[in-house]
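Fold and geometry: a report
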Amino acid sequence: MKEYLLAFFCVVLFSEKAFAQDHQHHHQEDSVSHTMQESNNELSASNAVPMSHAFSRNLPMNRNASGTSWLPDSSPMFGYMKHSPNWMFMMHGNVFFRYNNQDVANSGSRGGDNFDVPNWFMGMGQTNVGSRGLFRFSTMISLEPLTVGGEGYPLLFQSGETWNNAPLVDRQHPHDFFSELSVAYSHVLSNDADVFAYLAYPGEPAFGPAAFMHRVSGIYNPDASLGHHWQDATHITFGVTTLGFRYKNIKLDGSVFTGREPDENRYDFDKPRFDSWSARVSYNPTSDLSLQFSKAWVSDVHEFGPREDVNKTTASALHSLRLNSSSVISSAIIWGYNNPREHHSASNSVLLESAITLNKLSVYTRYEWVEKSTEDLLLDEPEFGHGALFPINSVTLGVQQSLFEERNTDVSIGAQAAWYKTPSELREVYGGNPLAFQIYLRISPLKMN
């Protein structure tokens, strides 16, 4: 119960802050709506498809996130856009060429270092259907099976998925080559209400906030979050059906989907099972804030070992504030809770992250607290205890500077450091509070005006 109260308090605190600022920034909300209407009028005059949200003809496209999740309307957008008489197309992505060392002082035996290239690319298109319909498709691919490798990249205290028939630990698994192939149809009931359906193989069910690589507060960080498998790991699911309803700034959506994690073959299409389900409520009280609460009942999560069914719960608040035309600050607070139905103890995760962009300079930070089990970290059970949980704390600070811009593309150089607080029981394995460091070259689309 205390975990639910903690999550509720965090969300309420964020919401109260936003409501207090709502009057001060009301002109910003009007500006977002006015700019959207102005752009749509210009496009309508040229017979082009109006720019709108992917699941509503009456919402701004800035609210687009991963799957059917929402971002704040004040969120900046990054991508390449192309219009035809009947379609609007958009592409975006992220590529990091980096050197990554997860234990620069060699204080433990679990750290690793590597040259690798985390990346993802996404494309979508949408077109109006009659006077009330909206059809869209989306695809996301990742070349990480080639540029990172089957066992993924070094990341201390990370866990989840497998390689060579064994669980991965202290490494982040690569994403599947096909990470999303989806279609969706939305229908306008009124200016205030829509219904929509989303089908994906693979895709993302209605669970959690926007996935870590699609949150503006996290796009500068090459690493997945340590709480990824608590908060948003379902963003690649082989078989998803979602139905949703929006009324004004409240959205209800639910999914039936495949619970099992993707297998080790990153190029194939896993068997769709549709054995799990989720439900989510989202609310954008202001243009700067997006809240969500969701639950999922996930069946047979892991490919190996005994069957494991997990009840999952998340709550989050995403915030975005435009300081001026070239500066923005975006933040997130996310809580994730996993409650296995058998075999293991319930565990929590909390993430706080923020990124501020001032013209060509970006500074970002992330704090995480995650409870990892003996099994998560592949520790010896007789020594460390069966089902024991270890609180992991990490703090990341990074800075990124744009080098040049060319053809609507930004090339930046960045560096980040992460500090891990090792539980006393794990110091012989991980060392005393290891320090990680990485330097990278990032290629990404420019922010869209």
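From a predicted model like this one, the values you see are computed outputs, not experimental measurements. (Residues numbered from 1 in each chain as written. Predicted model: local features only at pLDDT ≥ 70, side-chain atom pairs only at ≥ 80, totals over all residues. Heavy atoms only, no water.)

1. Digging into the pairing of strand β13 (residues 289-298)
Note the following rule: Only protein chains enter the accessibility calculation, which uses a 1.4 Å probe; a residue whose area is less than 20% of its type maximum is buried, one above 50% is exposed, and one in between is partly exposed. Secondary structure follows DSSP: runs of H or I at least 4 residues long count as helices, runs of E at least 2 residues long count as strands, and numbering of each begins at the N terminus. The criterion for strand pairing is that DSSP finds at least two bridges linking the strands in question.
For β13, the buried fraction is high: seven of the 10 residues fall into the buried class. One ladder, built from eight bridges, connects strand β12 (residues 276-286) with β13; its direction is antiparallel. Paired with W277 across the bridge in β13 is W297. Hairpin remark: β12 followed by β13, antiparallel, with two residues in the connecting loop. Pairing between β13 and strand β14 (residues 310-324): 10 bridges, direction antiparallel.

2. Side note on unusual backbone geometry
Peptide bonds are mostly trans, and most non-glycine residues show a negative phi. With an omega of 0°, the peptide bond between Y201 and P202 qualifies as cis. With respect to the helices and strands, P202 occurs in the loop between β9 (193-200) and α4 (228-231). Positive phi outside glycine occurs at N106, with the angle close to 50°. Summarising the element assignment, N106 is placed in the loop between β2 (88-101) and β3 (113-116). Even without glycine at this site, N359 takes up a positive phi of about 60°. If you trace the backbone, N359 turns up in the loop between β16 (347-358) and β17 (361-373). Judged by relative accessible area, which is 53%, N359 ranks as exposed.

3. Let's talk about the pattern of salt bridges
Worth spelling out the cut-off: By definition here, a salt bridge exists when the distance from a side-chain nitrogen of Lys or Arg to a carboxyl oxygen of Asp or Glu is within 4 Å.
The final tally for this structure, using the stated rule, is 16 salt bridges. One salt bridge connects E151 with R171, and the closest N-O pair in it is separated by 3.9 Å. Here R171 lies in strand β7 (residues 166-172) and E151 lies in the loop between α3 (144-147) and β6 (153-163), a separation of 20 residues in the sequence. Relative accessible area serves as the criterion here: at 39%, E151 is assigned to the partly exposed category. Its relative accessible area of 18% is what places R171 among the buried residues. Between D253 and R280 there is a salt bridge; the shortest N-O distance is 2.9 Å. With D253 in strand β11 (residues 250-257) and R280 in strand β12, the pair connects residues that are 27 residues apart, well separated along the chain. The class of D253 is buried, set by a relative accessible area of 4%. Residue R280 is classed as buried on the basis of its relative accessible area of 3%. The network of salt bridges with shared partners includes R215, D232, E353 and R366.

4. Examining empty space enclosed by the protein
It is a probe the size of a water molecule, rolled over the atoms, that shows where empty space is left. As a reminder of what qualifies: Within this scheme a cavity is a closed region of a 1 Å grid, computed over the protein atoms alone, that accommodates a 1.4 Å probe without allowing it to escape, whereas a pocket is open but has protein on both sides within 12 Å along at least five of seven lines; lining residues each have an atom within 4 Å of a point. Grid points are joined across faces, edges and corners, and a volume is the space filled by probe spheres set on the points. Polarity classes work like this: nonpolar for Ala, Val, Leu, Ile, Met, Phe, Trp, Tyr, Cys and Pro, charged for Asp, Glu, Lys and Arg, and polar for all others, with Gly in that last group.
This structure, assessed with the given rule, holds nine cavities of 30 Å³ or more. In this structure, the largest cavity spans a volume of roughly 440 Å³. For the lining of the largest cavity, the secondary-structure elements that each account for two or more residues are β2, β4 (119-129), β5 (133-141) and β20 (435-445). Of the residues forming the lining of the largest cavity, the biggest block, five residues, is contributed by β2. By residue class, the composition of the lining of the largest cavity is 17 nonpolar, 14 polar and three charged. Its boundaries defined by the atoms lining it, the second largest cavity holds a volume of some 150 Å³. F96, W120, F212, M213 and P222 are the residues nearest the centre of the second largest cavity, which is lined by 15 residues in total. Breaking the lining of the second largest cavity down by element, the ones donating at least two residues are β2 and β4. When the residues that make up the lining of the second largest cavity are grouped by side-chain class, the tally is eight nonpolar, six polar and one charged.

5. Some details on the environment of D253
Which entries qualify depends on this criterion: We call two residues in contact when some of their heavy atoms are within 4.5 Å. Each polar contact in these results corresponds to two N or O atoms within 3.5 Å; when the atoms are within protein, one needs to be able to donate a hydrogen and the other to accept it, and residues that are neighboring in sequence are counted only if both atoms are side-chain atoms.
Along the backbone, D253 and V281 are 28 residues apart, and their C-alpha atoms lie at a distance of 6.7 Å. Not counting residues up to four positions away in its chain, the partners in contact with D253 are T68, F196, A206, T242, L243, G244, S278, A279 and R280. Side-chain polar atoms of D253 contact the side chain of T68, separated by 2.9 Å. For D253, the side chain forms a polar contact with the side chain of R280, separated by 2.9 Å.

6. Some points on a negative patch on the surface
Convention followed: Only residues whose relative accessible area exceeds 30% and that form no salt bridge are eligible for patches; like-charged ones are grouped when within 9 Å, while nonpolar side chains (Val, Leu, Ile, Met, Phe, Trp, Tyr) are grouped when within 5 Å. Note that accessible areas follow from Shrake-Rupley with a 1.4 Å probe, and for residues the cover is restricted to the protein chains shown. Just so you know, the count uses Lys and Arg for positive and Asp and Glu for negative, and it drops His and the chain ends. The location of each charge is read from NZ of Lys, CZ of Arg, CG of Asp or CD of Glu.
Together, E375, D380, E381, E383 and E428 line one region of the surface with negative charge. Among the secondary structure elements, E428 is positioned in helix α6 (residues 427-430).

7. Topic: the layout of surface pockets
Roughly 790 Å³ of internal volume is contained in the largest pocket. The wall of the largest pocket is formed by 39 residues, among which E261, V301, H302, E308 and D376 lie closest to the centre. At the level of elements, β6, β7, α4, β14 and β15 (327-340) are the ones that each hand at least two residues to the lining of the largest pocket. Residue contributions to the lining of the largest pocket peak at four residues, all from β6.

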